[in-house]
Amino acid sequence: MSASRRKGTTDEPVPDEPERDGSDLLAALLDGMDAALCAFDADGVVTHWNREAERILGWSAAEAVGRRGFAGWAVRSADAAEVEAWLMSAMQAPGRQVHEFALLTKDGGRVLVRTQSAAVRGPDGKPAGVYCAFSEVHAQIDLERSIALSEALFEDASWGVVLVDADLRPAVVNAHAARALGIGRTAVLGRPLGDLLSRGVEELESALTHVLAEGAPPAPAEIWVSVRTAEGEKRRCWRSGFLRLASPLAEEPVPLGVGWLFQDVTETKQSEQEAALLRFRSNQLHRAARAAAECEDPGEAATIHLDFALAGFADHALIDRVAGGRVADGAGPVRLVRAAETPSGAPGPSVLTGKAGLPVRYDDGHPALQCVERSGTVRADAGAADPAQARAWALARQWPADAVHALCAVLRSRGRTLGVVTFLRGAGRSRFERVDAVYAEDVAVRIAAALDLSDMVKGRAAK
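Residues numbered from 1 in each chain as written. Predicted model: local features only at pLDDT ≥ 70, side-chain atom pairs only at ≥ 80, totals over all residues. Heavy atoms only, no water.

Asker: Give me the nonpolar core: which residues, what numbers.
Answerer: Counting residues in each nonpolar core, the largest one holds 33 residues, and the members touching the most others are F313, I319, L411, V421, F423 and I447. Broken down by secondary-structure element, the contributors of at least two residues to this core are helix 10 (266-293), helix 11 (298-310), strand 14 (316-322), strand 15 (336-341), strand 18 (405-413), strand 19 (416-425) and helix 14 (434-462). Those residues within four positions of L411 in sequence are excluded, and the remaining contacts are I319, R416, T417, L418, G419, V420, V421, A444, I447, A448 and L451. Formed by 25 residues, the second largest nonpolar core is a distinct cluster that contains L193, L196, L197 and W260. (Core = buried A, V, L, I, M, F, W, Y, C linked by side-chain atoms within 4.5 Å. Buried < 20%, exposed > 50% of the residue type's maximum accessible area, 1.4 Å probe, protein only. Helix = DSSP H or I, 4+ residues; strand = E, 2+ residues; numbered from the N terminus. Contact = heavy atoms within 4.5 Å.)

Asker: Residues and numbers for the pairing of strand 12 (residues 232-246), please.
Answerer: Sheet topology note: the strand 11 (residues 221-229)/strand 12 ladder contains nine bridges and is antiparallel. In the strand pairing of strand 12, S226 is matched with R235. If you look at the hairpin formed by strand 11 and strand 12, you'll find two residues sitting between the two strands. Bridge count between strand 12 and strand 13 (residues 255-264): nine bridges; the pairing is antiparallel. Bridged to G241 within strand 13 is L261. (Pairing = 2+ DSSP bridges.)

Asker: So what's going on with unusual backbone geometry? Residues and values would help.
Answerer: In this model, L168 sits at a positive phi of 65 degrees, which is unusual for a non-glycine residue. Structurally, the position occupied by L168 is in the loop between strand 8 (160-165) and strand 9 (170-173). Its identity is not glycine, yet Q398 carries a phi of approximately 65 degrees, on the positive side. Position of Q398 among the secondary structure elements: in the loop between helix 13 (387-396) and strand 18.

Asker: How would you sum up the environment of R236? Please name residues and give values.
Answerer: When you line up the elements, R236 lands in strand 12. Along the chain, R236 and T266 lie 30 residues apart, while their C-alpha atoms are 5.4 Å from each other. When residues no more than four places from it in sequence are discounted, the contact partners of R236 are I223, W224, V225, V227, D264 and T266.

Asker: Describe in detail the sheet that holds strand 14, supporting the description with residues and values.
Answerer: One open sheet accounts for six strands, arranged 16-15-14-19-18-17; its pairing is antiparallel. Two strands bound the open sheet, and with one partner strand each, they are strand 16 (351-352) and strand 17 (378-381).

Asker: So what's going on with the packing of aromatic side chains? Residues and values would help.
Answerer: Aromatic rings in a pair are described by how distant their centres are and how their planes are angled relative to each other. Taken as a whole, this structure holds 14 aromatic pairs when the rule is applied. With a centroid separation of 6.5 Å and an interplanar angle of 80 degrees, the aromatic rings of W49 and F70 are classed as edge-to-face. Linking W49 in strand 4 (residues 46-49) with F70 in the loop between helix 3 (61-64) and helix 4 (77-88), this pair joins segments that are 21 residues apart in sequence. Each member of the pair, W49 as well as F70, carries the same accessibility label: buried. Ring geometry for W238 versus F262: centroids 4.4 Å apart, planes at 25 degrees, classification stacked. Pair noted here: W238 is in strand 12 and F262 is in strand 13, with a separation of 24 residues, a long-range link. Grouping residues by exposure puts W238 and F262 together as buried. In textbook terms, an aromatic cluster arises when at least three aromatic residues are bridged by ring pairs, as seen for F40, W49, W59, F70, W73 and F134. (Phe/Tyr/Trp six-rings, centres within 6.5 Å; stacked < 30°, edge-to-face > 60°.)

Following this line, the structure appears as structure tokens:
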């Protein structure tokens, strides 16, 4: 309240418009606090009581302010002296004092609270009272647990934890995630995900965008990524969980970003894939053997094995026989005749060819010729050639124009080399690996046995 003199009067002061002296602001601040707060003067009389204190204990500010201490209404009589001593001792103690004790609610219940009390000093610097902030113990413990969990996740967690902001840039990264990304914790912050990952970025950003808009998915997602490292790119599978982060201070949920937790499951996924692939290929070999057993012509049985092997393994396949039927180990240069091949246009079963017995025009050093000379498997590919160069590479080797990866397996039966089976993959497939060579060798054994039987049947028929 301020006073001034009105014109035309003598010495009588009159009030102007009332000014806010800060009491309204103080009341708003106290009532807006998340913690319960009360204050006592030097005599222990309650001077302040906010709404959170009213919510916890049920006593309104009108009922609480003006009472001396908690005795007889907010604390049991047996505990009153001890509680009052704890609270008032804060006037003489430095810093804050923390205590736990039970308070009484208006309806007679008991609430265990944790209090923080400290002295309130007057203009002269001497203690003028005490303020006491308190909250229910379980709420305080929940808060401490949340803080402890957050710190543990970002320090000691055995899986990666990344907080991504609304712009899809890492804001906080724990040590495990930094190691997985192959970069320091501070170097990751604020950088686009595309700077950290070479593959899988689109899928990851799509997942983060979905979580920001729709919320957390019901189950973890397995995302394959390629991480840039000093040794080159490494392909990894991360089992990822996502949580949308919203501000607890806003009336309506305001997305702050996404919590991304991931664990490297690359070895597990690769083992699962290898086991599934092995089961599929074993089933294919079994089915091929049953189908081939029903063929009267052993030559047709050879193409049956070729067709079953092709599924999920290669785009094209062909069989080249040694001119003359077979060659012994250590023999000189050989010529190969195309015996069977898959259609180069529309998909379909392999067809027998080479009735004219004309040799295939393979140049020296051709993978198929190397396979015969070594009596072992040979792998070849076009490397990093552009499409035009890859096409020329395939045509020069008498293969379909879209072939970029090749695997040649020798056909051996009864200690003699009968020919070569070649599997070809296009640009959409990966190169042949060692496990693929093992499978091709299994198929080659069956094809060679069928071709050898075909030669024996023809020989007997000729006699």
